[in-house]
Amino acid sequence: MATTIGEKKVTVFGEEEAKQLVNELRVVAYDSGRTRSYSWRVTQLKNIVRMCDDSEKEVVEALYKDLAKPELEGTLYELGMIKNACKVALKELKNWIRPEKAKTSLTTFPSSAEIVSEPFGIVLIISAWNYPFLLSIDPVIGAIAAGNAVVLKPSELAPASSSLLAKLFAQYLDTSAIKVVEGAVPETSALLEQKWDKIMYTGNGRVGRIVMAAAAKHLTPVIMELGGKCPAVVDSDINLQVAMRRLIAGKWGCNNGQACISPDYILTTKDYAPKLVDALKTELERFYGKNQLESKDLSRIVNSNHFARLSKLLDDEKVSGKIVYGGEKDEEKLRIAPTILLDVPRDSLIMSEEIFGPLLPILMLNNIDESFDVINSGTKPLAAYIFTNNKKLKEKFVMSVSAGGIVVNDTTIHLAVHTVPFGGVGESGMGSYHGKFSFDAFSHKKAVLYRSFIGDAALRYPPYTGFKLRMMKALMGGSFLAILRALFRGSKP
Amino acid sequence: MARYDVKTLGSDLEDMRDYFRSGKTKDWEWRNAQLKGLLSFLKQNEAQIFQALKDDLGKPQVEAYRDEIGTLVKSVRFAVKELKGWMSSKGAKMPKVALLTSGEVVPEPLGLVLIISSWNFPFGVSLEPLIGAIAAGNTMVLKPSELAPACASVLANVLPTYLDKKGVRIIQGGPEVGEKLLQQKWDKIFFTGSVRVGKLVMAAAVEHLTPVVLELGGKCPAVLDSLAPWPMKVAINRILVSKFGTCGGQACIAVDYVLVEKRLASSLVELIKVLVKDMFGEKPRESNSLTRIISKQHFSRLKSLLNDPEVKASVVYGGSMDEEHLFIEPTIILDPPLNSQIMTEEVFGPLLPIITLEKIEDSINFINARPKPLALYAFTKNQSFSKRILSETSSGSVVFNDANIQYCADTLPFGGIGESGIGSYHGKYSFDTFSHYKAILRRSYFTDFWYRFPPWNYRKLLLFEATYHFDYITLLLVILGLKRSRYRC
């Protein structure tokens, strides 16, 4: 569908284009079977590694343009993790693809069984703006490893990254099976109208619902990586310096708090709070210097909408006078300095939504056990953190806090460990990925049962008699004695 | 028919959520007790269950045992045996770099779940998911189908006496009750039924971002290759019992239609006639081996499938119907038009279309041109054809040389794909589907890599890179100052 704006003809990606795209991919994914071949998958994965190596500079520049993201964050948390994911997939792919033998029992005797991983077919991946490369390519790696054709829709809120992704994918990957569609709401809507075999969405709950509603029309299964308020409980009697460093690394060190697994708020006791705040201040200064508003080691706020949103949280009269550190803002440069708020009320704005920014509220409790009520009264977060040396508290936290993932004595690192599933629960999402979990997320586990023609039990067939019923009960019950008894009794009524 | 009073729904569910929060249902003791209670229910009420199935569906006892009571007893015992193992946490390997970090994955219950079941296996598809929900430690509401009222009544009135009513609730009612239930907030919804209602369920789940499992249906094809006489007889018997001998064909995994080579068609039809007579006698209605049609509505639906003149002309066996008794005799149709309703929608009844092809290999394209089925059955001894079927078609499951029997396997995931469904269950898969697998990482306070923290410089970048690649040599060299950063220093 092309429209004319002024003298220029502008091609818009609408329903027609989306339909055509999906049809093209169906031919590739189903008829040609190209994406299912092991060598195709390996080639694409190797090309992704090459793509990352070759384009490091460009990626860092795009991230700087979109988010003023420090080079190290871009190189490590995005490219580094992407390459790692590829390497894990390349190393393990043969194992992942191999069918899994399943034990069979008396009820299907004689038989053999296996579970075969087959690709879903064509997959739509909608990614987010805060880690535009990681959250685009990591799922794509899973989809490719599982043998699917993929369409990636990067976030328009990170435009430089989005257009770089489109350029790089076209350059390095098989464009007949892996496509990038750039755009905003109209393009995404056009894509969501189509029938996909699986959709993965990373973002917020509001748009997540729109995606799931669209998927419901075609009975398309979805993975949703959403967010939530990730709490960090800080107990006393810990190595406070190390704890605060790790907290800072997980909060401001991750895109200046704009990350789904950043610790959102702190829960600590009234008694411990002053020590905690002092330690935080000391370490923050050590990391980011005196002029933190302009620190090159901190990302900026992504756009003016989010800047306004965060400002509003600070302007809330319920938190006036609670700012104990930071609070500086620069609207023109879209920068907010690391800000700590102490003793915020639970009904303040800042405690009612995911912050997704460099503001850290600290809630003060009478004793640390009260944190469970606070956490459980909210929706289930993507991650929950606790800093403690108290074994009982640790175990209680781990067992009773429901979250996507839990880290004890650190923050966010579970993102980097590919042997644990990464995903949410409840409002923080459904499904998980990373490592083999990515492969599984994009595979249909097809049960295959092989039976022979021998061993046909006439008692399965009508006409149904009392004898058949007794034999069947005995066989299904698995008790040899019962089988003998039934046989002995025969067809006597 | 008894109906639940939806006015109290909100507070009833809140009570259940409180009960879940108390942690009682997480204990192994509770879960084990509920499972044992289920087992007792099944064993002590066999006669009542048989009677209820007879009342609602005219289901023969052998079918009732084979497909419902027997499989349930098997599944409960399997769950009881495996439960501790399922509940245990699994350690996750950490890279060496993550010194003194331990990782594990722990299953936890989702909370309060909703199970909506269908009428064709009213006990089976109600209680199989229930086993999983209980094993995973949830609280749950089961809404059995109102189209099988006698069974729903046994479930709502007898079963609760064996279970903890605070944690497991059975709610009876029709579509209005179903609708009201779907408006509530659940931690998971497990639905067995039609595609049409499945879409409504998933749409309703969007409001609360509730994950769903949908066990739907589809047209399960049986690909029948040429076989020697004896295996052919076995194959046909298995197809016939899958269709006519399983709830009268009203089963999501019943063989829907058969694909066979043209040249074999006439001998196949003759053989089928003989074998159907062996199974159901000259007067099938008096054989006591056939389930009747569930309702007048479904009867009319099936009647209209056959009333299509071109379909009627293709009937080669059977075709007689008794509306008063909701009985349709086993009916075989040879090559009905492919665009007739009987070939475009799920039959779900005792009508078996046989579609002929030039070559049996054409069945692959035939199947792929249609929505992905819940199960695909292939009767063949040709290894390369088997491999092609496996890799070139997509379905929930594939069974070679038999049908329906995958339902009994505790170690195979049972579920659909595409229009035949989302998610799977049975055995450990039931436990998994009602669990959240939570990742837990524990770190000590020692061993932090100083380069983990800002201010950033290029040396730290290189160190990190080496760490990520588990490149311990480079790590050491950089630390010792023996390797220069590839970045500006």
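Residues numbered from 1 in each chain as written. Chains lettered and ligands numbered in written order. Predicted model: local features only at pLDDT ≥ 70, side-chain atom pairs only at ≥ 80, totals over all residues. Heavy atoms only, no water.

- The name recorded for chain B in an unreviewed UniProt entry is Aldehyde dehydrogenase, from Linum trigynum.
- UniProt's Sequence similarities (unreviewed entry) comment on chain B is quoted here verbatim: "Belongs to the aldehyde dehydrogenase family."
- Annotation of chain B in UniProt includes, under Catalytic activity (unreviewed entry), the sentence "an aldehyde + NAD(+) + H2O = a carboxylate + NADH + 2 H(+)". (UniProt positions renumbered as here; feature names shortened; annotations may be inferred.)

- Labelled according to an unreviewed UniProt entry, chain A appears under the name Aldehyde dehydrogenase, originating from Linum trigynum.
- What the UniProt record of chain A gives under Catalytic activity (unreviewed entry) is the line "an aldehyde + NAD(+) + H2O = a carboxylate + NADH + 2 H(+)".

**Examining unusual backbone geometry**
Residues apart from glycine generally show negative phi values, whereas peptide bonds are mostly found in trans.
All names here are of chain A.
Argument step 1. Between Pro 462 and the following residue, Pro 463, the backbone shows a cis peptide bond with an omega angle of 0 degrees.
Argument step 2. Relative to the helices and strands, Pro 463 resides in the loop between β22 (443-451) and α15 (466-477).
Argument step 3. The residue Asn 256 is not glycine, and still its phi comes out positive at about 55 degrees.
Argument step 4. Residue placement: Asn 256 occurs in the loop between α9 (240-251) and β11 (265-269).
Argument step 5. According to the relative accessible area criterion, Asn 256 is buried, its value standing at 1%. (Helix = DSSP H or I, 4+ residues; strand = E, 2+ residues; numbered from the N terminus. Buried < 20%, exposed > 50% of the residue type's maximum accessible area, 1.4 Å probe, protein only.)

**What about helix α1 (residues 15-32) of chain A?**
Residues spaced three or four apart along an α-helix face the same direction, because each turn holds 3.6 residues.
All names here are of chain A.
Argument step 1. With 18 residues, α1 extends 25 Å between its outermost C-alpha atoms, agreeing within 8% with the 26 Å of an ideal straight helix rising 1.5 Å per residue.
Argument step 2. For α1, the full list of buried residues reads Glu 17, Ala 18, Leu 21, Val 22, Leu 25, Val 28 and Ala 29.
Argument step 3. Among the structural elements, β5 (122-126), β6 (149-153), β7 (178-180) and α7 (185-193) are those in contact with the buried residues of α1.
Argument step 4. Immediately beyond the C-terminal end of α1, within one or two residues, lies Gly 33, with a positive phi of roughly 70 degrees. (Expected span 1.5 Å × (residues − 1). Contact = heavy atoms within 4.5 Å.)

**Things to note about the interface of chain A and chain B**
Argument step 1. The interface is formed by 106 residues belonging to chain A together with 108 residues belonging to chain B.
Argument step 2. Carbon and sulfur atoms supply 63% of the area buried between chain A and chain B, which totals about 8,700 Å² over both sides.
Argument step 3. Ranking the residues of chain A by area buried against chain B places Leu219(A), Phe453(A) and Tyr464(A) at the top, with a combined share of 11%.
Argument step 4. Where chain A packs against chain B, one counts five salt bridges.
Argument step 5. Of the charged contacts in the structure, one is a salt bridge between Arg451(A) and Asp402(B), with a shortest N-O distance of 2.8 Å.
Argument step 6. Between chain A and chain B we count 37 residue pairs in polar contact (both at pLDDT 80 or more) in total.
Argument step 7. Of all the elements, helix α4 (residues 71-97) of chain A adds the most residues to the side of chain A that touches chain B, at ten residues.
Argument step 8. Taken together, the residues of the side of chain A that touches chain B break down into 53 nonpolar, 27 polar and 26 charged.
Argument step 9. Direction of pairing for β22(A) relative to strand β16 (residues 397-400) of chain B: parallel, over a ladder of four bridges. (Buried area = accessible area lost by both parts, 1.4 Å probe. Salt bridge = Lys/Arg side-chain N within 4 Å of Asp/Glu carboxyl O. Polar contact = N/O pair within 3.5 Å; in protein donor to acceptor, adjacent residues only side chain to side chain. Nonpolar A, V, L, I, M, F, W, Y, C, P; charged D, E, K, R; others polar. Pairing = 2+ DSSP bridges.)

**Details of a nonpolar patch on the surface**
Argument step 1. Nonpolar side chains collect at one region of the surface, where Leu481(A), Leu484(A) and Leu487(A) lie side by side and expose about 320 Å² of accessible area between them.
Argument step 2. Summarising the element assignment, Leu481(A) is placed in helix α16 (residues 480-489). (Patch = residues over 30% accessible without salt bridge, like charges linked within 9 Å, V, L, I, M, F, W, Y side chains within 5 Å. Areas by Shrake-Rupley, 256 points an atom, 1.4 Å probe, with all protein chains shown as cover.)

**A word on the UniProt feature "active site" (unreviewed entry) in chain B**
Residue and element names in this part refer to chain B.
Argument step 1. Annotation from UniProt places "active site" (unreviewed entry) at Glu 215 and Cys 252. Separation in sequence by 38 residues is not matched in space for these annotated residues, since their most distant C-alpha atoms are only 8.6 Å apart.
Argument step 2. Residue placement: Glu 215 occurs in strand β7 (residues 212-215).
Argument step 3. According to the relative accessible area criterion, Glu 215 is buried, its value standing at 2%.
Argument step 4. Ignoring anything within four residues of it in the chain, the contact list for Glu 215 reads Phe 190, Phe 191, Thr 192, Gly 193, Phe 414, Gly 415, Ser 420, Gly 423, Ser 424 and Tyr 425.
Argument step 5. Inspection of the secondary structure assignment puts Cys 252 in the loop between α9 (229-243) and β9 (257-261).
Argument step 6. What makes Cys 252 buried here is its relative accessible area of 18%.
Argument step 7. Discounting chain neighbours no more than four positions away, the residues touching Cys 252 are Asn 120, Leu 216, Gly 217, Cys 220, Glu 346, Phe 348 and Leu 374.

**Here's the deal with the sheet that holds strand β4 (residues 139-143) of chain B**
All names here are of chain B.
Argument step 1. The strand order across the open sheet formed by six strands is β5-β4-β3-β6-β7-β18, and the pairing between neighbours is mixed. Looking along the sheet, the strands with just one partner apiece sit at the ends: β5 (168-170) and β18 (421-422).
Argument step 2. Sheet topology places β4 next to β5; three bridges connect them, and they run parallel. Residue Val 141 lies in a different strand from β5, and its bridge partner there is Arg 169.

**Some details on the side chain of Asp410(A)**
Argument step 1. Looking at where Asp410(A) falls in the secondary structure, it is placed in the loop between β18 (405-408) and β19 (422-423).
Argument step 2. Polar contacts involving the side chain of Asp410(A) include one to the side chain of Arg443(B), which spans 2.8 Å.

**Describing the domain arrangement of chain A**
Residues and elements named next belong to chain A.
Argument step 1. Partitioning chain A into domains gives domain 1 (3-226 + 435-445) and domain 2 (231-423).
Argument step 2. For domain 1 versus domain 2, the separation of C-alpha centres amounts to 31 Å.
Argument step 3. Both faces considered, domain 1 and domain 2 share a buried interface measuring about 1,800 Å² in area, 55% of it formed by carbon and sulfur atoms.
Argument step 4. When the buried surface of domain 1 facing domain 2 is broken down by residue, Trp 129, Glu 225 and Phe 437 rank first, second and third, together holding 27% of it. (Domains from an automatic or database assignment.)

**Details of the packing of aromatic side chains**
All names here are of chain B.
Argument step 1. If you walk through the whole model with that rule in mind, you get 16 aromatic pairs over all chains.
Argument step 2. Both rings, one in Phe 41 and one in Tyr 162, keep their centres 5.8 Å apart while their planes meet at 70 degrees; by these two values the pair is edge-to-face. One end of the pair, Phe 41, is in helix α2 (residues 28-44); the other, Tyr 162, is in the loop between α6 (149-157) and β5, with 121 residues separating them in the sequence.
Argument step 3. Since its relative accessible area comes to 0%, Phe 41 is described here as buried.
Argument step 4. Aromatic side chains Tyr 407 and Phe 414 sit 5.3 Å apart centroid to centroid with 90 degrees between the ring planes, which places their arrangement in the edge-to-face category.
Argument step 5. Of the residues examined, Phe 414 reaches a relative accessible area of 4% and is grouped as buried.
Argument step 6. Following the ring pairs from residue to residue traces out a cluster consisting of Phe 190, Tyr 407, Phe 414, Tyr 425 and Phe 434.
Argument step 7. Above the face of the Trp 28 ring, Lys 84 is positioned so that its terminal group lies 3.9 Å from the ring centre.
Argument step 8. Seen from the ring of Phe 366, Arg 370 lies directly overhead, with NZ or CZ sitting 3.6 Å from the centre. (Phe/Tyr/Trp six-rings, centres within 6.5 Å; stacked < 30°, edge-to-face > 60°. Lys NZ or Arg CZ within 6 Å of the ring centre and 35° of its normal.)

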